[in-house]
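Secondary and tertiary structure notes
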Amino acid sequence: MPELPEVETIRLALRQGAGGAPKLPGQRIEGVRLGWPRHIAAPSPAAFRRRILGQTIQDVQRRGKYLVLPLTQGTLLIHLMMSGDLGMLPAGEPPRPHDHTILTLDTGWELRFNDPRKFGKVLLLPRPEQLLGGLGPEPLSSQFTRQVLADRLAGRGRRLKPLLLDQSFVAGLGNIYADEALHRARLHPMRRSDSLRPEEVAALWRGIRQALRAGLRHNGASIDWVYRGGDFQNHFRAYGRTGEPCPVCGTPIQRIVVGQRSTHFCPQCQQERPA
DNA sequence: CACGAGACCTGTTCGC
DNA sequence: TGCGAACAGGTCTCGT
(Lines give C-alpha, C1' and ligand atoms only; values in the text may rest on other atoms or scores of the structure.)
Protein backbone atom coordinates (compact mmCIF):
# COMPACT_ATOMS: atom_id res chain seq x y z
CA MET A 1 0.00 0.00 0.00
CA PRO A 2 0.92 3.49 0.15
CA GLU A 3 3.08 3.91 3.21
CA LEU A 4 3.40 6.93 5.45
CA PRO A 5 4.89 9.33 2.85
CA GLU A 6 2.34 8.37 0.19
CA VAL A 7 -0.59 8.66 2.61
CA GLU A 8 0.73 12.00 3.85
CA THR A 9 1.03 13.25 0.26
CA ILE A 10 -2.59 12.29 -0.36
CA ARG A 11 -3.62 13.89 2.92
CA LEU A 12 -2.04 17.23 2.03
CA ALA A 13 -3.63 17.27 -1.42
CA LEU A 14 -7.09 16.57 0.03
CA ARG A 15 -6.74 19.00 2.90
CA GLN A 16 -5.45 21.89 0.81
CA GLY A 17 -7.25 21.19 -2.43
CA ALA A 18 -5.38 20.24 -5.61
CA GLY A 19 -5.93 19.89 -9.32
CA GLY A 20 -8.80 22.35 -9.30
CA ALA A 21 -10.60 20.52 -6.51
CA PRO A 22 -11.62 22.50 -3.44
CA LYS A 23 -10.19 21.57 -0.07
CA LEU A 24 -12.05 18.76 1.64
CA PRO A 25 -12.58 20.30 5.08
CA GLY A 26 -15.92 22.10 5.17
CA GLN A 27 -17.54 19.95 2.52
CA ARG A 28 -20.78 18.16 3.29
CA ILE A 29 -21.46 14.58 2.26
CA GLU A 30 -24.66 14.41 0.23
CA GLY A 31 -24.42 11.05 -1.46
CA VAL A 32 -22.82 7.64 -1.06
CA ARG A 33 -22.12 5.01 -3.68
CA LEU A 34 -20.86 1.65 -2.48
CA GLY A 35 -19.71 -0.29 -5.51
CA TRP A 36 -17.87 -2.80 -3.32
CA PRO A 37 -19.72 -2.86 -0.02
CA ARG A 38 -17.01 -4.97 1.59
CA HIS A 39 -14.87 -1.83 1.55
CA ILE A 40 -16.93 -0.75 4.53
CA ALA A 41 -15.42 -2.52 7.51
CA ALA A 42 -17.63 -0.78 10.09
CA PRO A 43 -20.47 -0.32 10.70
CA SER A 44 -22.67 -2.29 8.26
CA PRO A 45 -22.91 -0.73 4.79
CA ALA A 46 -26.52 0.26 5.47
CA ALA A 47 -25.68 1.93 8.78
CA PHE A 48 -22.61 3.54 7.22
CA ARG A 49 -24.74 5.13 4.50
CA ARG A 50 -27.33 6.31 6.98
CA ARG A 51 -24.86 7.80 9.43
CA ILE A 52 -22.54 9.52 7.00
CA LEU A 53 -25.14 11.35 4.91
CA GLY A 54 -25.39 15.01 5.82
CA GLN A 55 -22.16 15.08 7.77
CA THR A 56 -19.52 17.72 7.23
CA ILE A 57 -15.84 16.82 6.95
CA GLN A 58 -13.92 18.83 9.54
CA ASP A 59 -10.33 18.01 8.70
CA VAL A 60 -8.01 15.56 6.96
CA GLN A 61 -5.48 14.02 9.32
CA ARG A 62 -3.24 10.98 9.32
CA ARG A 63 -2.22 8.38 11.85
CA GLY A 64 0.21 5.75 10.61
CA LYS A 65 -1.18 4.67 7.26
CA TYR A 66 -4.74 5.66 8.13
CA LEU A 67 -6.37 8.77 6.75
CA VAL A 68 -8.42 10.25 9.57
CA LEU A 69 -11.38 12.49 8.72
CA PRO A 70 -13.22 13.88 11.72
CA LEU A 71 -16.86 14.49 10.86
CA THR A 72 -19.57 16.44 12.61
CA GLN A 73 -20.34 13.18 14.42
CA GLY A 74 -17.78 10.42 14.54
CA THR A 75 -14.68 9.91 12.44
CA LEU A 76 -14.16 8.45 9.00
CA LEU A 77 -11.07 6.25 8.78
CA ILE A 78 -9.66 5.08 5.47
CA HIS A 79 -6.90 2.53 4.97
CA LEU A 80 -5.66 2.26 1.38
CA MET A 81 -3.90 -1.07 1.88
CA MET A 82 -1.93 -2.28 -1.17
CA SER A 83 -3.58 -0.62 -4.13
CA GLY A 84 -5.96 2.04 -2.86
CA ASP A 85 -6.03 5.66 -3.94
CA LEU A 86 -8.18 8.59 -2.88
CA GLY A 87 -8.91 11.46 -5.15
CA MET A 88 -11.35 14.23 -6.01
CA LEU A 89 -13.26 14.25 -9.29
CA PRO A 90 -16.07 16.47 -10.54
CA ALA A 91 -19.42 14.86 -9.75
CA GLY A 92 -20.93 13.32 -12.84
CA GLU A 93 -17.68 12.08 -14.30
CA PRO A 94 -18.38 8.42 -15.06
CA PRO A 95 -16.83 6.01 -12.56
CA ARG A 96 -13.47 4.72 -13.69
CA PRO A 97 -12.60 1.06 -13.29
CA HIS A 98 -12.16 0.27 -9.58
CA ASP A 99 -13.81 3.47 -8.35
CA HIS A 100 -15.60 1.45 -5.68
CA THR A 101 -16.55 3.82 -2.89
CA ILE A 102 -17.70 7.33 -3.82
CA LEU A 103 -18.84 10.16 -1.56
CA THR A 104 -20.69 12.97 -3.32
CA LEU A 105 -20.08 16.39 -1.78
CA ASP A 106 -22.06 19.63 -1.71
CA THR A 107 -19.45 21.46 -3.83
CA GLY A 108 -20.15 19.42 -6.95
CA TRP A 109 -17.13 17.22 -6.38
CA GLU A 110 -16.74 13.59 -5.37
CA LEU A 111 -14.26 11.85 -3.10
CA ARG A 112 -13.45 8.56 -4.77
CA PHE A 113 -11.75 5.51 -3.30
CA ASN A 114 -10.20 3.64 -6.20
CA ASP A 115 -8.88 0.21 -5.24
CA PRO A 116 -8.11 -2.49 -7.84
CA ARG A 117 -7.26 -5.17 -5.31
CA LYS A 118 -10.16 -4.34 -3.01
CA PHE A 119 -8.08 -4.77 0.14
CA GLY A 120 -8.81 -1.26 1.39
CA LYS A 121 -10.95 -0.49 4.41
CA VAL A 122 -13.36 2.29 5.31
CA LEU A 123 -14.62 2.72 8.86
CA LEU A 124 -17.00 5.19 10.46
CA LEU A 125 -16.34 5.08 14.18
CA PRO A 126 -17.72 7.09 17.07
CA ARG A 127 -14.43 6.63 18.94
CA PRO A 128 -11.54 6.19 16.49
CA GLU A 129 -8.97 6.09 19.26
CA GLN A 130 -10.17 2.57 19.96
CA LEU A 131 -8.52 1.51 16.71
CA LEU A 132 -5.77 4.12 16.41
CA GLY A 133 -4.68 3.57 19.99
CA GLY A 134 -3.25 0.20 19.02
CA LEU A 135 -0.74 1.80 16.69
CA GLY A 136 2.85 2.38 17.68
CA PRO A 137 4.43 5.84 17.81
CA GLU A 138 4.50 8.22 14.86
CA PRO A 139 8.09 7.89 13.65
CA LEU A 140 8.43 11.55 12.68
CA SER A 141 6.95 12.95 15.86
CA SER A 142 9.02 14.38 18.69
CA GLN A 143 7.66 11.58 20.88
CA PHE A 144 9.64 9.06 18.88
CA THR A 145 13.04 9.52 20.46
CA ARG A 146 16.12 7.31 20.21
CA GLN A 147 15.37 6.16 23.74
CA VAL A 148 11.80 5.21 22.90
CA LEU A 149 13.10 3.17 19.99
CA ALA A 150 15.82 1.62 22.14
CA ASP A 151 13.33 0.54 24.78
CA ARG A 152 10.92 -0.91 22.26
CA LEU A 153 13.68 -2.81 20.46
CA ALA A 154 15.05 -4.24 23.68
CA GLY A 155 11.59 -5.32 24.77
CA ARG A 156 11.37 -8.06 22.18
CA GLY A 157 13.48 -10.56 20.33
CA ARG A 158 12.27 -10.20 16.80
CA ARG A 159 13.99 -9.84 13.46
CA LEU A 160 14.24 -6.21 12.44
CA LYS A 161 12.44 -6.36 9.11
CA PRO A 162 9.14 -7.88 10.30
CA LEU A 163 9.33 -5.74 13.43
CA LEU A 164 9.52 -2.52 11.39
CA LEU A 165 6.47 -3.67 9.44
CA ASP A 166 4.54 -4.25 12.66
CA GLN A 167 2.28 -1.20 12.99
CA SER A 168 2.01 -1.65 16.74
CA PHE A 169 5.79 -1.27 16.98
CA VAL A 170 6.02 1.90 14.90
CA ALA A 171 3.27 3.26 12.66
CA GLY A 172 3.64 4.01 8.97
CA LEU A 173 6.52 1.95 7.64
CA GLY A 174 5.82 -0.57 4.89
CA ASN A 175 7.96 -2.79 2.72
CA ILE A 176 9.68 0.03 0.84
CA TYR A 177 10.59 2.28 3.76
CA ALA A 178 11.56 -0.63 6.03
CA ASP A 179 14.14 -1.74 3.46
CA GLU A 180 15.27 1.84 2.87
CA ALA A 181 15.58 2.51 6.61
CA LEU A 182 17.60 -0.65 7.22
CA HIS A 183 19.92 0.16 4.34
CA ARG A 184 20.53 3.65 5.67
CA ALA A 185 21.15 2.17 9.12
CA ARG A 186 23.47 -0.49 7.63
CA LEU A 187 21.61 -3.19 9.55
CA HIS A 188 20.79 -6.67 8.32
CA PRO A 189 17.02 -7.30 8.03
CA MET A 190 17.34 -10.51 10.08
CA ARG A 191 19.17 -8.95 13.02
CA ARG A 192 17.45 -9.58 16.36
CA SER A 193 15.94 -6.43 17.78
CA ASP A 194 17.44 -6.99 21.23
CA SER A 195 20.97 -7.45 19.89
CA LEU A 196 21.57 -3.87 18.77
CA ARG A 197 24.33 -1.81 20.34
CA PRO A 198 23.42 1.78 21.26
CA GLU A 199 25.09 3.22 18.16
CA GLU A 200 23.15 0.77 16.00
CA VAL A 201 19.90 1.84 17.62
CA ALA A 202 20.80 5.44 16.86
CA ALA A 203 21.58 4.50 13.25
CA LEU A 204 18.20 2.78 12.91
CA TRP A 205 16.43 5.79 14.40
CA ARG A 206 18.12 8.08 11.89
CA GLY A 207 17.56 5.59 9.07
CA ILE A 208 13.82 5.40 9.70
CA ARG A 209 13.40 9.16 9.83
CA GLN A 210 15.70 9.91 6.91
CA ALA A 211 14.00 7.34 4.69
CA LEU A 212 10.54 8.71 5.50
CA ARG A 213 11.63 12.32 5.07
CA ALA A 214 13.23 11.52 1.72
CA GLY A 215 9.96 9.90 0.65
CA LEU A 216 8.01 12.96 1.76
CA ARG A 217 10.32 15.32 -0.12
CA HIS A 218 9.59 13.39 -3.30
CA ASN A 219 5.84 13.22 -2.64
CA GLY A 220 6.08 9.48 -2.15
CA ALA A 221 6.75 6.73 -4.64
CA SER A 222 4.73 5.80 -7.71
CA ILE A 223 5.12 2.15 -8.66
CA ASP A 224 3.69 0.16 -11.52
CA TRP A 225 0.23 1.26 -12.53
CA VAL A 226 -0.41 2.95 -9.21
CA TYR A 227 0.74 6.44 -10.08
CA ARG A 228 0.27 9.20 -7.55
CA GLY A 229 2.65 11.80 -8.86
CA GLY A 230 5.56 11.12 -6.53
CA ASP A 231 9.00 10.16 -7.82
CA PHE A 232 10.71 8.61 -4.82
CA GLN A 233 10.90 5.35 -6.78
CA ASN A 234 13.80 6.97 -8.66
CA HIS A 235 15.74 7.37 -5.42
CA PHE A 236 15.48 3.93 -3.84
CA ARG A 237 18.80 2.70 -2.43
CA ALA A 238 17.78 -0.92 -1.84
CA TYR A 239 14.08 -1.61 -2.42
CA GLY A 240 13.40 -3.23 -5.78
CA ARG A 241 17.04 -2.87 -6.87
CA THR A 242 17.98 -6.57 -6.89
CA GLY A 243 21.26 -7.02 -8.75
CA GLU A 244 21.87 -3.30 -9.11
CA PRO A 245 24.85 -1.73 -7.35
CA CYS A 246 24.54 -0.52 -3.78
CA PRO A 247 24.81 3.27 -3.96
CA VAL A 248 27.29 3.20 -1.08
CA CYS A 249 29.71 0.40 -2.00
CA GLY A 250 28.70 -0.91 -5.41
CA THR A 251 27.98 -4.46 -4.26
CA PRO A 252 24.91 -5.92 -6.01
CA ILE A 253 21.75 -5.55 -3.94
CA GLN A 254 20.40 -8.91 -2.85
CA ARG A 255 16.78 -10.04 -2.52
CA ILE A 256 15.69 -12.45 0.16
CA VAL A 257 12.32 -13.29 1.68
CA VAL A 258 11.76 -12.44 5.33
CA GLY A 259 8.41 -12.92 6.95
CA GLN A 260 6.97 -13.67 3.51
CA ARG A 261 7.92 -10.25 2.23
CA SER A 262 10.48 -9.38 -0.41
CA THR A 263 13.48 -7.87 1.31
CA HIS A 264 16.27 -6.00 -0.42
CA PHE A 265 19.61 -5.25 1.18
CA CYS A 266 23.32 -4.80 0.54
CA PRO A 267 25.21 -7.91 1.68
CA GLN A 268 28.34 -5.80 2.14
CA CYS A 269 26.96 -2.81 4.06
CA GLN A 270 24.32 -4.73 6.01
CA GLN A 271 26.03 -7.74 7.52
CA GLU A 272 24.40 -9.88 10.18
CA ARG A 273 27.57 -9.87 12.18
CA PRO A 274 29.22 -6.45 12.11
CA ALA A 275 32.65 -6.68 10.52
C1' DC B 1 5.87 -14.80 22.30
C1' DA B 2 7.70 -15.32 17.54
C1' DC B 3 6.92 -17.10 13.20
C1' DG B 4 5.07 -19.38 8.98
C1' DA B 5 1.14 -20.37 6.05
C1' DG B 6 -2.99 -19.03 4.10
C1' DA B 7 -6.65 -15.77 3.02
C1' DC B 8 -8.37 -11.59 0.96
C1' DC B 9 -8.27 -9.52 -4.59
C1' DT B 10 -6.84 -7.95 -9.37
C1' DG B 11 -3.43 -6.81 -12.63
C1' DT B 12 1.23 -7.03 -14.56
C1' DT B 13 5.41 -9.23 -15.56
C1' DC B 14 8.31 -13.24 -16.04
C1' DG B 15 9.75 -17.67 -17.82
C1' DC B 16 9.27 -21.53 -20.72
C1' DT C 1 2.29 -15.85 -29.36
C1' DG C 2 0.38 -18.14 -25.36
C1' DC C 3 -0.20 -19.50 -20.81
C1' DG C 4 0.59 -20.45 -16.04
C1' DA C 5 3.43 -18.93 -12.26
C1' DA C 6 5.22 -15.44 -9.58
C1' DC C 7 4.81 -11.14 -7.81
C1' DA C 8 2.83 -6.59 -6.01
C1' DG C 9 3.34 -0.41 -1.43
C1' DG C 10 -0.91 -4.62 3.77
C1' DT C 11 -3.13 -6.84 7.44
C1' DC C 12 -5.68 -10.51 9.65
C1' DT C 13 -6.34 -15.21 11.53
C1' DC C 14 -4.89 -19.64 12.58
C1' DG C 15 -1.69 -23.19 13.92
C1' DT C 16 2.93 -24.65 15.73
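No experiment lies behind these values; they were computed from the predicted model shown.

**Thoughts on the overall build of chain A**
A count of helices and strands for chain A gives 7 helices and 11 strands. For 275 residues, the compact-globule estimate of 2.2 N^0.38 gives 19 Å, and chain A sits close to it at 20 Å. Principal-axis analysis of the C-alpha atoms places the extent of chain A at approximately 60 × 35 × 30 Å. Buried residues in chain A amount to 52% of all 275 residues. Roughly 12400 Å² of accessible area belongs to chain A as shown, and the carbon and sulfur atoms make up 49% of that amount.

**Notes on the protein's contact with DNA strand B**
Surrounding DNA strand B, one finds 15 residues, the nearest of these being Arg38, His98, Arg117, Arg159 and Gln260. Taking all atoms of DNA strand B within 4 Å of the protein, the share assigned to sugar and phosphate is 67%. Across the surface near DNA strand B, the residue classes break down as 4 nonpolar, 4 polar and 7 charged.

**Overview of the nonpolar core**
If you look at the biggest cluster of nonpolar residues, it comprises 30 residues, and the most contacted ones within it are Leu149, Leu153, Leu164, Leu204 and Ile208. Only helix H4 (146-154), helix H5 (160-165), helix H6 (175-185) and helix H7 (198-217) provide two or more residues apiece to this core. Sorting elements by how many residues they give to this core places H7 first, with 8 residues. Counting 28 residues, the second-largest nonpolar core is a separate cluster that includes Leu14, Val60, Leu80 and Val122.

**Comments concerning the pairing of strand E4 (residues 66-70)**
Across the 5 residues that make up E4, a large majority, 5, are buried. Residues of E4 alternate between two faces, with Tyr66, Val68 and Pro70 on one and Leu67 and Leu69 on the opposite face, all of them buried. Looking at chain direction, strand E3 (residues 61-63) and E4 are connected through 3 bridges and run antiparallel. In the sheet register, glutamine 61 faces E4, and the bridge partner there is valine 68. As consecutive antiparallel partners, E3 and E4 are separated by 2 residues, and within that stretch glycine 64 has a phi angle of approximately 60°, a positive value. Bridge analysis of E4 against strand E5 (residues 75-79) gives 5 bridges, and the strand direction is antiparallel. If you follow leucine 69 over to E5, its bridge partner there is leucine 76. With antiparallel pairing between neighbouring strands as the criterion, E4 and E5 make up a hairpin whose turn holds 4 residues, including glycine 74 at a positive phi of roughly 85°.

**Quick word on a nonpolar patch on the surface**
Where nonpolar side chains cluster on the molecular surface, the patch consists of Met81, Met82 and Phe119 and spans about 250 Å² of accessible area. Structurally, the position occupied by methionine 82 is in the loop between E5 and strand E6 (85-90).

**Here we look at the domain arrangement of chain A**
Under the domain assignment used here, chain A contains domain 1 (4-132) and domain 2 (146-265). Here the C-alpha centre of domain 2 lies 29 Å away from the C-alpha centre of domain 1. With 13 residues of domain 1 at the interface, the matching set in domain 2 holds 15 residues. Summing the contributions of domain 1 and of domain 2, the shared interface buries around 1100 Å²; its carbon and sulfur component is 63%. At the junction of domain 1 and domain 2, the tally comes to 0 salt bridges. At the boundary of domain 1 with domain 2, the tally comes to 5 residue pairs in polar contact (both at pLDDT 80 or more). Ranked by the residues each element gives to the side of domain 1 that touches domain 2, the list is headed by helix H1 (residues 4-16), at 6 residues. When the residues that make up the side of domain 1 that touches domain 2 are grouped by side-chain class, the tally is 4 nonpolar, 4 polar and 5 charged.

Conventions used here
- Residues numbered from 1 in each chain as written.
- Chains lettered and ligands numbered in written order.
- Predicted model: local features only at pLDDT ≥ 70, side-chain atom pairs only at ≥ 80, totals over all residues.
- Heavy atoms only, no water.
- Helix = DSSP H or I, 4+ residues; strand = E, 2+ residues; numbered from the N terminus.
- Rg over C-alpha atoms; globule rule 2.2 N^0.38 Å.
- Buried < 20%, exposed > 50% of the residue type's maximum accessible area, 1.4 Å probe, protein only.
- Areas by Shrake-Rupley, 256 points an atom, 1.4 Å probe, with all protein chains shown as cover.
- Near = heavy atom within 4 Å.
- Nonpolar A, V, L, I, M, F, W, Y, C, P; charged D, E, K, R; others polar.
- Core = buried A, V, L, I, M, F, W, Y, C linked by side-chain atoms within 4.5 Å.
- Pairing = 2+ DSSP bridges.
- Patch = residues over 30% accessible without salt bridge, like charges linked within 9 Å, V, L, I, M, F, W, Y side chains within 5 Å.
- Salt bridge = Lys/Arg side-chain N within 4 Å of Asp/Glu carboxyl O.
- Domains from an automatic or database assignment.
- Contact = heavy atoms within 4.5 Å.
- Buried area = accessible area lost by both parts, 1.4 Å probe.
- Polar contact = N/O pair within 3.5 Å; in protein donor to acceptor, adjacent residues only side chain to side chain.

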